[in-house]
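Secondary and tertiary structure notes
Residue-level listing of the chains:
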Amino acid sequence: MDVYEAVDSRRAVRAFSDEPVPKEVLERVLTAATRAPSSGNLQPWHLYVVTGEPLAELKRVATARALAGDPGDEREYPMYPDGLASPYLDRFAAAAVQRYESLGIERDDPDRPRKIATLNSEAFGAPVVLFCYLDWAMGPGQWADAGMYLQTVMLLLKAEGLHSCPQVMWTVYRETVSRAVGADDGLVLLCGVSVGFEKGGVLQLRTGRADMTETVRFIGV
């Protein structure tokens, strides 16, 4: 798979099979991903790979919190900025409708929030979740580095025939996650990334993207 094909075919999958992911594949991907760009070569990411019974227990605890209507832990950073305006709000709203309709959750379903939280806390059935942390001392540049690292990981996973789904939702249950992985207090959870093989027989969602001309300006060309 070449780079263009990997970029074009990568998407957030929200229905995974229970087929296990070989450890050697994960090791190959994560070894290659160490070459991701990093300003000053700080390589600020701390990654925890959780699978098997530890992940099953984490899912059980998080799902119990979701089903109980637990509002979650105090947020350490905002998922989205306040006062999100057009065109960003328009893109967000359109994608949200597509995303949850594909999961069979209607927009006017009164139980919608709980259903969404439960699906997320089960990692959409993924057999592996990667949890990415950064040291609290890191700044915006290092958060950008972590994003580039995770994109590199997801493209490499795609080249291996695997799918993924980044989930900031795990920060809602960050205390549960930290206990499960043993992260110390000096680290902040950026997100989780669910990993696995796509489940067959489900609707494959491919959200739209803004045209390149909406976000790119050529100067001097």
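Calculation criteria
- Residues numbered from 1 in each chain as written.
- Predicted model: local features only at pLDDT ≥ 70, side-chain atom pairs only at ≥ 80, totals over all residues.
- Heavy atoms only, no water.
- Helix = DSSP H or I, 4+ residues; strand = E, 2+ residues; numbered from the N terminus.
- Rg over C-alpha atoms; globule rule 2.2 N^0.38 Å.
- Buried < 20%, exposed > 50% of the residue type's maximum accessible area, 1.4 Å probe, protein only.
- Contact = heavy atoms within 4.5 Å.
- Areas by Shrake-Rupley, 256 points an atom, 1.4 Å probe, with all protein chains shown as cover.
- Lys, Arg positive; Asp, Glu negative; His and termini not counted.
- Charge placed at Lys NZ, Arg CZ, Asp CG, Glu CD.
- Core = buried A, V, L, I, M, F, W, Y, C linked by side-chain atoms within 4.5 Å.
- Expected span 1.5 Å × (residues − 1).
- Arc of directions from axis to C-beta.
- Salt bridge = Lys/Arg side-chain N within 4 Å of Asp/Glu carboxyl O.

The helix and strand inventory of the protein chain stands at 8 helices and 4 strands. Helices and strands in the protein chain line up, N terminus first, as α-α-β-α-α-α-β-α-β-α-β-α. For 221 residues, the compact-globule formula gives about 17 Å, and the C-alpha radius of gyration of the protein chain, at 18 Å, lands near that figure. Out of the 221 residues in the protein chain, the part that is buried amounts to 38%. Within the protein chain, residue pairs in contact and separated by at least 24 positions form 85% of the contacts whose partners lie at least 6 positions apart. For the protein chain, the computed accessible surface area is about 12,600 Å², with 55% contributed by carbon and sulfur atoms. Distance from the positive charge centre (23 side chains) to the negative charge centre (30 side chains) of the protein chain: 3 Å.

Core analysis: the largest hydrophobic core is formed by 25 residues, its most contacted members being Tyr 149, Leu 150, Val 153, Leu 157, Leu 190, Val 193 and Val 195. Broken down by secondary-structure element, the contributors of at least two residues to this core are α2 (23-32), β2 (128-135), α6 (140-159) and β4 (187-196). A per-element tally of this core places α6 first, with 6 residues. In this structure, Tyr 149 is in contact with Leu 30, Ala 33, Ala 36, Trp 45 and Leu 47, ignoring residues within four places of it in sequence. Counting residues in hydrophobic clusters, the runner-up holds 23 residues, among them Val 50, Leu 55, Ala 123 and Trp 170.

The terminal C-alpha atoms of helix α3 (residues 52-67) lie 22 Å apart, and with 16 residues this matches the ideal 22 Å at 1.5 Å per residue to within 8%. Taken residue by residue, α3 has Leu 55, Leu 58, Lys 59, Ala 62, Thr 63, Arg 65 and Ala 66 as its buried positions. Within α3, the buried residues cover an arc of 155° as seen down the axis, which keeps them to one side. Once α3 ends, the next one or two residues include Gly 69, with phi positive near 75°.

Attention now goes to the pattern of salt bridges. In total, this model carries 9 salt bridges according to the counting rule given. Glu 53 is paired through a salt bridge with Arg 60; the nearest N and O atoms lie 2.4 Å apart. Among the residues examined, Arg 60 registers a relative accessible area of 43% and is labelled partly exposed. Where Arg 65 meets Asp 70, a salt bridge forms, and the shortest distance between an N and an O atom there is 2.8 Å. Note on Asp 70: relative accessible area 27%, which makes it partly exposed. Salt bridges linked by common partners bring Glu 53, Glu 57 and Arg 60 together as one network.

With that settled, the discussion passes to the environment of Ala 36. In this structure, Ala 36 sits in the loop between α2 and β1 (45-51). Taking the relative accessible area as the measure of exposure, Ala 36 reaches 8% and is therefore buried. Sequence spacing of Ala 36 and Leu 187 is 151 residues, and the spatial spacing of their C-alpha atoms is 21 Å. Once residues lying within four places of it in the same chain are set aside, the contact partners of Ala 36 are Trp 45, Met 148, Tyr 149 and Thr 152.

Let us look at helix α4 (residues 88-102). The terminal C-alpha atoms of α4, which comprises 15 residues, lie 21 Å apart, in line with the 21 Å expected from a rise of 1.5 Å per residue. Those residues of α4 lying buried are Ala 95, Ala 96, Arg 99 and Tyr 100. The buried side chains of α4 occupy one side of the element, clustering within an arc of 115° when seen end-on. One or two residues past the end of α4 sits Gly 104, with phi positive at roughly 80°.

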